[in-house]
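Understanding the architecture of this molecule
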Amino acid sequence: MSPDGGPMLKTTHGFAENMIDEQESKRSAMLELQHISHNYGAVKALRDVSLTAYKGEFLTILGESGSGKTTILRVISGLETATSAEVIAIEGANVAHVPAAHRNCTTVFQNYALFPHMSVQENVEYGLSVRGMPKADRAKRALEALEMVKLDGKADRRVSQLSGGERQRVALARAIVTQPAILLLDEPLGALDEKLRQQMQEELVRLHSRLGMTFVYITHSQEEALTMSDRIALMCNGEIVQIGTPEDLFDRPNSAFAAEFMGFENIFEGHLKEISDERVSVEVNGHGFHGRWSGHQAPLIGQKAFAAIRAERLKLEGAENHAEDNALKCSAGSTLYRGKYVDQHLQTEIGPMRARIWDRANRKSSISTVSWHPDDCVVTAP
Ligand code: ADP
Ligand code: MG
């Protein structure tokens, strides 16, 4: 079995994968899901999901709206009973039949779910008083948690007197004060504006390393996932389609879907022509390109494949070229001003492409070829 629970497929990266597999098996699992499926009536929300979160890991579940992210969290926390589940284990103990209140995990929701008539401190203490903790201990723990989220000066405020960002911090403090083994976070920054969101991303990462707790974090934002996570599980339509480090997902998407989700602007369908270890060549509309195989299975000559290249990796006239570069004739189309950079649309014989120009001085009046290095050309299965 591979680390993500799927069958271990032999690929050209077999050696490296085995090494990672060995490393992973040395880490201990905090959360383990095996073969979880869940239906809401006719909707298949989860399809045979298997996932491990290691102790102290920041694991992000990334996917578009409706892909099944919240359902996974609800199954982990016990708010939802999966239609079928082989294993749901926390710290090695199967919790499939343990009610939500007795699972060692807490959820932070996007809508905060705070008590508006209570003070900040009362909100944070609430979970501790439910557990029967004496008042003096409660207050101490609550103030510590509020200090961690930088709200110690606002313990006596009513929640209704707080900004959205501050409310989210109270929700966080209330979740960590009970010291769960796993903190589940369901798009907790979704309601915040851009600047506050970025600031909270950094604070959450800091909080995570200070607490040493296992975080399972949900987002639909690839940028957020890349910035915060130790590993990312990418979901599509109720399935985990790829799991790996941010670098794995960003540089080695294993499917055309993953490449598109991770922001590759140029993706072309073709067929594999040659295979030599990790290097492959792919034919797209009569043109051959060299690239790196990144599919999740071993490549086969003649199979359908996709070549994916990031806009910033395309080289236009005047850029330094290598002998092995892929190249195409092209003509320049419109440009799109994006502030920090300009995107240049190109017409080529394999279709439209988009190149990114960071330095305004590099904008060319005439463009007749576009090229890119084989290392920057990811070739994946469908
Ligand atoms: P995400 O959190 O990734 O947006 P969800 O896990 O909420 O996705 O939903 C997965 C799928 O299940 C979606 O198609 C959604 O419409 C459906 N779904 C979620 N909750 C319910 C429900 N209570 N009843 C029926 N369908 C639901
Ligand atoms: Mg959701």
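Rules behind the numbers
Residues numbered from 1 in each chain as written. Chains lettered and ligands numbered in written order. Predicted model: local features only at pLDDT ≥ 70, side-chain atom pairs only at ≥ 80, totals over all residues. Heavy atoms only, no water. Axes fitted to C-alpha atoms, helices over the stretch in contact; angles between N-to-C directions. Helix = DSSP H or I, 4+ residues; strand = E, 2+ residues; numbered from the N terminus. Parallel < 35°, antiparallel > 145°, perpendicular 65-115°, else oblique. Left-handed = near helix turned anticlockwise from the far one by under 90°. Contact = heavy atoms within 4.5 Å. Disulfide = S-S within 2.5 Å. Buried < 20%, exposed > 50% of the residue type's maximum accessible area, 1.4 Å probe, protein only. Pairing = 2+ DSSP bridges. 1 Å grid on protein atoms, 1.4 Å probe; cavity = no way out; pocket = protein on both sides within 12 Å on 5 of 7 lines; lining within 4 Å. Points joined across faces, edges and corners; volume = space filled by probe spheres on them. Nonpolar A, V, L, I, M, F, W, Y, C, P; charged D, E, K, R; others polar. Salt bridge = Lys/Arg side-chain N within 4 Å of Asp/Glu carboxyl O.

**Focus on the packing of helix α3 (residues 120–130) against helix α5 (residues 164–176)**
Packing of α3 against α5 leaves a shortest axis separation of 7 Å and a crossing angle of 30°. Considering their axes alone, α3 and α5 lie roughly parallel with respect to each other. As α3 packs across α5, the resulting crossing turns out to be right-handed. Residue-level inspection shows Val120, Asn123 and Val124 of α3 in contact with α5, the latter providing Val170, Ala173 and Arg174.

**Overview of the state of the cysteines**
Applying the stated criterion across every chain yields a total of zero disulfides. The structure places no disulfide on Cys377, whose sulfur is separated from the nearest cysteine sulfur, that of Cys330, by 16 Å. Among the residues examined, Cys377 registers a relative accessible area of 0% and is labelled buried.

**Some points on the sheet that holds strand β17 (residues 342–348)**
In sheet architecture, strand pairing relies on hydrogen bonds along the backbone and comes in two forms, parallel and antiparallel. On the basis of which strands lie adjacent, the open sheet formed by five strands has the order β15-β19-β16-β17-β18 and antiparallel pairing. Every interior strand has two partners, whereas the edge strands, β15 (315–316) and β18 (351–357), have only one. Pairing between β17 and β18: seven bridges, direction antiparallel. Of the residues in β18, the one forming a bridge with Leu346 is Met353.

**Some remarks on helix α2 (residues 69–77)**
Quick reminder: α-helices carry 3.6 residues per turn. Residues three or four places apart thus point the same way. Taken across its nine residues, α2 has seven buried, putting it largely inside the fold. All of the buried residues in α2 are Lys69, Thr71, Ile72, Leu73, Val75, Ile76 and Ser77. Positive phi appears at Gly78, one or two residues downstream of α2, with a value of about 95°.

**Digging into the layout of surface pockets**
Its volume calculated, the second largest pocket comes out at about 680 Å³. Lining the second largest pocket are 24 residues; nearest its centre among them are Cys105, Thr106, Thr107, Arg131 and Thr178. Counting residues per element, the ones that place at least two in the lining of the second largest pocket are β6 (105–108), α3 and α5. Tallied by class, residues from the lining of the second largest pocket come to 14 nonpolar, seven polar and three charged.

**Describing empty space enclosed by the protein**
A full pass over the atoms with the stated rule returns one cavity of 30 Å³ or more. Quantified by volume, the largest cavity comes out at close to 30 Å³. If you go around the largest cavity, the residues you meet are Thr70, Leu73, Arg74, Ser77, Leu79, Thr107, Phe109 and Asp186. Per-element accounting of the lining of the largest cavity gives the leading share, four residues, to α2. Within the lining of the largest cavity, the residues separate by chemical class into three nonpolar, three polar and two charged.

**Some details on the pattern of salt bridges**
In the structure shown here, the tally under the stated rule is 21 salt bridges. Of the charged contacts, one joins Asp343 and Arg354 as a salt bridge, the two residues approaching to 2.9 Å between their closest N and O atoms. Separated by 11 residues along the polypeptide, Asp343 in strand β17 and Arg354 in strand β18 bring together distant segments of the chain. Take Asp343: its relative accessible area is 0%, and that puts it in the buried class. Note on Arg354: relative accessible area 24%, which makes it partly exposed. Through salt bridges with shared partners, one network takes in Glu265, Glu312, Asp343, Arg354 and Arg356.

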